[in-house]
Amino acid sequence: MLFTTIDFIVFFVLILAAVAIVKHRKFQHLILLGGSYYFFYFSSNYLIVLLIFSTILDFYLAKIIHDTKDAFRKKLLLTISLAGNLGLLGFFKYSDFAILQFNILGNYFDLSTEIPLFNLVLPLGISFYTFQTLSYTIDVYRGTLKPSKTLSEFALFVAFFPQLVAGPILRAKQFLPQLREKIQNYKTGGNLRQIIFQHGHLKFGITLMVFGFIKKMFFADNIAPLVDDIFFNPIGAESFTIILGALAFAVQVYGDFSGYTDIAIGAAFILGFKIPANFNKPYFATSPTAFWNKWHISLSLWIRDYLYLPLIFKNRKSTLRIFVGLMIAFFLIGFWHGDGWNFIIFGIIQGLFVGVHTILRKKVSFLRDHVFFKTKLGKIVSILVTQYLIFFSFLAFRISDLEHLFYSMQKYLIIDFQIVEVVSVIQSHKISIALMILFMIIHFISFKKGNLVEKFANLNYRYWILFLVTGILSIILLYDGNPTDFIYFKF
Amino acid sequence: MIKSVNSVRKTTFAIFIAFVFSVSIFLFIMSIAPDYKYLEHKEFFSQDLTGEKIFIFGSSQIYALNPVDISSHLLKQGHDYTVYNLGQGSSDTEEQLRTVDFVISQEPKIVVYGIAYQTFYSHGRTIVETPPESLAVPPKLSDLLSIISLPYNTGLLDNPKFATINTFNHFYQKQTGNFQEELEHPYPNTPFFVRTPNAEIPAEQKDLEKDGKLANYKGNEIYPMNKNRTYSALKELIHILNAHNIEVIIFTTPHLKNWLEQLPTQQKEIFNSMLDDLEKEFNFEVFRLHDKYNVMDIWIDNDHHIAHSEKTDFYSEEVAKMILTRIDE
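Draft legend 1. Looking closely at the overall build of chain B. The helix and strand tally for chain B stands at twelve helices and seven strands. Each of the 329 residues in chain B was classed as buried or not, and the buried ones make up 34%. Here the contacts in chain B between residues at least 6 apart in sequence split such that 85% fall between residues at least 24 apart.

Right, dumping it as structure tokens:
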């Protein structure tokens, strides 16, 4: 079920009503769990079986791992969990890609037969919930987390509908304790039910959701036609057209993904759950490393904790090991996004950026400590250079055809200073360009003035209503009658 | 605690007020935003079009079809029809769906659709998930809003963006003086096409090619059948017309060779699968002209060839032949 549909609004209101009516904590959880399964089944039909399989597998394996004293047995059980989860992810997401590469190789060596493709449907959210269940089992294995007491609580952690299909990737230690929190009634000293609607939560959650809807439906969906037109076939395009396309895509993908995250966090917050932020003004990052601390934070942290740190664990001082660790981590971040060479290229480019930056900081102290980078101008230059590089890597994120991709990359880096085409592109996409500029202005204000959502949520009711009316109107007046998929649903 | 509950009620009430205000303002704007294309169609179809009629629909790719020539070809074979070329620049099948009732009210014998690759450009618009039949599904927004009757009940609520941009463009054209009330048409019976003198001169080869590739190549992605909104709208149109005993003919409009060669293979496959699917579902032949004249010296750009010229008379003749084939069947 898409957030940007009337279906979701009706569904969410019904869930809120049901949770408000039911007083008992356990029943509230069951309503949320049932609702989450309905939410998933709505879009994915029988593929819900995979979600349930993953849930049951990890719940029981983690329990046994926790109860087992034998180290070898623990390791074996963890391996089963990893194989089960990654096996499913690999089969559904990467099997056709692997077959395709095998067939290409076969053609190269003149093998006469080709393996037919499975043409599998990618289960919605599989990359996200697989990482959630994996982190749970690994944490229990490491002894940093106690297993969930009940299957229903664990199932709710895996399937919690606001963040089920596109994150943020939750950790069990962030979510499970929230299910057991109770609010003390200050008058009677007794415990209230766990989910209770609070005025602050409701107002902030709604404000955040409206921000998310605006980012997705007003900005991202209306900038998409410009991006599509430029990158459908960029061969022959001028440098400035490619740069404009990369910039537009950066705004689109940020609006799309952070819009989804805002709606998810807002919806969860109204229900009384805190989901960690996934973005922190990434386009003001002053280095590639800082960018990954601000962009898709839950994925970066996941890769850091469960892959990168274990990789360099034995020798954190070795520059080579750090570089190789970073390259592997970013290669997998790229591959996590999709089964195409372009995503692998995206990961490798990011790995190189972050790797080189890390080594420079480590080895060339002159650069790290130079006074220029502490000045305002130095920071502006750092931001511009970083974003120019990040947007360069976004070309690989957007363009799947390798001929198109390499052409665009070449044009992006070696500027031809032609402006005939870009003028005509701008003229035929005035609305998209205007929205891009507006988005950048708002993003800049948000960077300078701090948390805009909080500021709007704290407005008095008269102005808050005005904000809501403006938000809703701007969305529906530029709504083309059919909701658009979120970009990250493909992953 | 009581204070908090009251505040929750206050916040909920504020959300409700905001929602009511937004919807009211939105409906007000929609009710005063004239839908120019729709009104043009309404005006045309409100005429008393006598005799047996054939309507041809499509986008700018059917500009060069001369309805008078087609009528003459048919008459030579003993079939007296008045042919109308109702093509319109940038028209798409979703838009045509909005005026299908007007078409039906005129009881044409045959409706011809000229479709191109461009017909199915998705521009990011897609058909999203279809929930399993076993589920209770909330009604669509358009269903909910269909109970509201606007002064021009034009289906603007199905696509508010279209109305907003259309109104804005119309206002802009009036302000900048680019707006002409009376427009010349290329041929008789082409009410929605405007005469463009540029359409009479073929482009030079150097303008069409650059380093062996098409100059100024433009295109957009065609989503697969199950995700393609304009394809779905085309099928719906055919179903509706067939249900009213109106014959439907589909043909693909011609394209330049170079452009076809540059089109990604996957996109060609999707387009061809759509044509095959149409033939299978409706049990008729889709007449394929998209690669028939691709090397002739008639092209203005990748999918438009010259009009008002003897060089392209064959196009009208070809469409007349299709109609005759269907009549003979």
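Draft legend 2. Expanded view of the overall build of chain A. Within chain A one finds 20 helices and zero strands. Over its C-alpha atoms chain A spans a radius of gyration of 24 Å, differing by no more than 12% from the 23 Å that the globule rule assigns to 491 residues. A principal-axis box enclosing the C-alpha atoms of chain A has dimensions of 70 × 65 × 55 Å. Within the span of chain A, comprising 491 residues, buried residues form 44% of the whole.

Draft legend 3. Expanded view of helix α6 (residues 151-159) of chain A. Buried within α6(A) we find F154(A), A155(A), L156(A), F157(A), V158(A) and A159(A). Those residues of α6(A) hidden inside the fold are in contact with α2 (25-44), α3 (48-67), α5 (126-142) and α7 (172-180) of chain A.

Draft legend 4. Molecular detail of the domain arrangement of chain A. All names here are of chain A. Looking at the assigned domains, one finds that chain A contains domain 1 (6-196) and domain 2 (200-490). Listed by contribution, the elements that provide at least two residues to the side of domain 1 that touches domain 2 are α1 (6-21), α4 (71-108), α5 and α7. Looking at the side of domain 1 that touches domain 2 residue by residue, the class counts come to 16 nonpolar, six polar and two charged.

Draft legend 5. View of the pairing of strand β2 (residues 82-85) of chain B. Residue and element names in this part refer to chain B. Strand direction decides the pairing type here: strand β1 (residues 53-58) and β2, joined by four bridges, are parallel. Note on β2: the bridge partner recorded for I54 is V83. For the crossover that starts at β1, traverses helix α3 (residues 67-76) and ends in the parallel β2, the hand is right-handed.

Draft legend 6. How the structure looks around the environment of I127(B). Residues and elements named next belong to chain B. Assignment of secondary structure puts I127 in the loop between β3 (110-115) and α6 (141-145). According to the C-beta neighbour criterion, I127 is partly exposed, with 18 such atoms within 10 Å. Note: C-alpha distance between I127 and T230 (103 residues apart in sequence) is 9.6 Å. If we skip the residues at most four places from it in the chain, I127 touches N226, K227, R229 and S232.

Draft legend 7. Fine view of the nonpolar core. Residue and element names in this part refer to chain A. By size, the foremost hydrophobic cluster in this structure holds 137 residues, and its most contacted members are F157, A159 and I223. Here this core gets 20 residues from one element, more than from any other, and that element is helix α9 (residues 239-270). Aside from chain neighbours lying at most four places away, what touches F157 is S148, L170, A172, F175 and L176.

Draft legend 8. Spotlight on the packing of α9(A) against helix α18 (residues 430-449) of chain A. All names here are of chain A. Where α9 contacts α18, the axes come no closer than 10 Å and their chain directions differ by 65°. With respect to α18, the element α9 is oriented roughly perpendicular. The two elements α9 and α18 meet at a crossing, and its hand is left-handed. Here α9 contributes A248, V251 and G255 to the contact with α18, which in turn contributes S432, M436 and F439. Looking at side-chain class alone, the contact of α9 with α18 contains four nonpolar, two polar and no charged residues.

Draft legend 9. Just the confidence of the model for chain B, in detail. Residues and elements named next belong to chain B. Taken residue by residue, chain B gives an average pLDDT of 82. The fraction at 70 or more is 81%. Here strand β5 (residues 213-214) stands out as the least confident element of chain B, with mean pLDDT 52; β2 is the most confident, with 96. For this predicted complex, the interface confidence reaches an ipTM of 0.77, while the overall pTM sits at 0.83.

Draft legend 10. Just the sheet that holds strand β6 (residues 247-252) of chain B, in detail. Residue and element names in this part refer to chain B. With respect to topology, five strands assemble into an open sheet ordered β2-β1-β3-β6-β7, the strand pairing being parallel. The sheet is open, and its two borders are formed by β2 and β7 (287-288), each paired with just one other strand. As paired elements, β1 and β3 share five bridges and run parallel to each other. The residue bridging F55 from the neighbouring strand is V111, located in β3. Across the sheet, helix α12 (residues 313-328) touches β1, β3, β6 and β7, and the angle it forms with β6 is around 145°.

Draft legend 11. Quick peek at the packing of α6(A) against α7(A). All names here are of chain A. Two numbers describe how α6 lies on α7: the axes approach to 10 Å, and their chain directions differ by 130°. Of the possible angle classes, the one that applies to α6 and α7 is oblique. Handedness of the α6/α7 crossing: right-handed. When α6 is examined against α7, the residues E153, L156 and F157 are found in contact with a partner set consisting of A172, F175, L176 and L179. Counted by class, the contact of α6 with α7 contains six nonpolar, no polar and one charged residues.

Draft legend 12. Inspection of the environment of K430(A) at higher detail. All names here are of chain A. By the secondary structure assignment, K430 is in helix α18. On the basis of neighbour count, K430 is assigned to the partly exposed category, with 14 C-beta atoms found within 10 Å. Considered as a pair, K430 and L226 are 204 residues apart in the sequence and their alpha carbons are 9.3 Å apart.

Draft legend 13. Geometry of the pairing of β3(B). Residues and elements named next belong to chain B. Where burial is concerned, most of β3 is hidden: six out of the six residues are buried. Side chains I110, V112 and G114 project from β3 onto one buried face, and the interleaved V111, Y113 and I115 project onto a second face that is buried too. Bridging between β3 and β6 involves six bridges; their strand directions are parallel. Residue I110 lies in a different strand from β6, and its bridge partner there is E247.

Draft legend 14. Expanded view of unusual backbone geometry. Residue and element names in this part refer to chain B. Of note, the phi angle at N189 is positive, near 60°, even though the residue is not glycine. Along the polypeptide, N189 turns up in the loop between α7 (160-176) and α8 (205-208). Under the C-beta neighbour-count criterion, N189 is labelled partly exposed, with 19 such atoms within 10 Å. Not every positive phi belongs to a glycine, and N245 is a case in point at roughly 55°. Topologically, N245 is positioned in the loop between α9 (229-243) and β6. Since 9 C-beta atoms lie within 10 Å of it, N245 is described here as exposed.

How each quantity is defined
Residues numbered from 1 in each chain as written. Chains lettered and ligands numbered in written order. Predicted model: local features only at pLDDT ≥ 70, side-chain atom pairs only at ≥ 80, totals over all residues. Helix = DSSP H or I, 4+ residues; strand = E, 2+ residues; numbered from the N terminus. Buried ≥ 20, exposed ≤ 12 C-beta atoms within 10 Å, placed from the backbone. Contact = placed C-beta atoms within 7 Å. Rg over C-alpha atoms; globule rule 2.2 N^0.38 Å. Domains from an automatic or database assignment. Nonpolar A, V, L, I, M, F, W, Y, C, P; charged D, E, K, R; others polar. Pairing = 2+ DSSP bridges. Right-handed = clockwise from strand over helix to strand, strands pointing away. Core = buried A, V, L, I, M, F, W, Y, C linked by C-beta atoms within 7 Å. Axes fitted to C-alpha atoms, helices over the stretch in contact; angles between N-to-C directions. Parallel < 35°, antiparallel > 145°, perpendicular 65-115°, else oblique. Left-handed = near helix turned anticlockwise from the far one by under 90°. pLDDT = per-residue confidence, 0-100.

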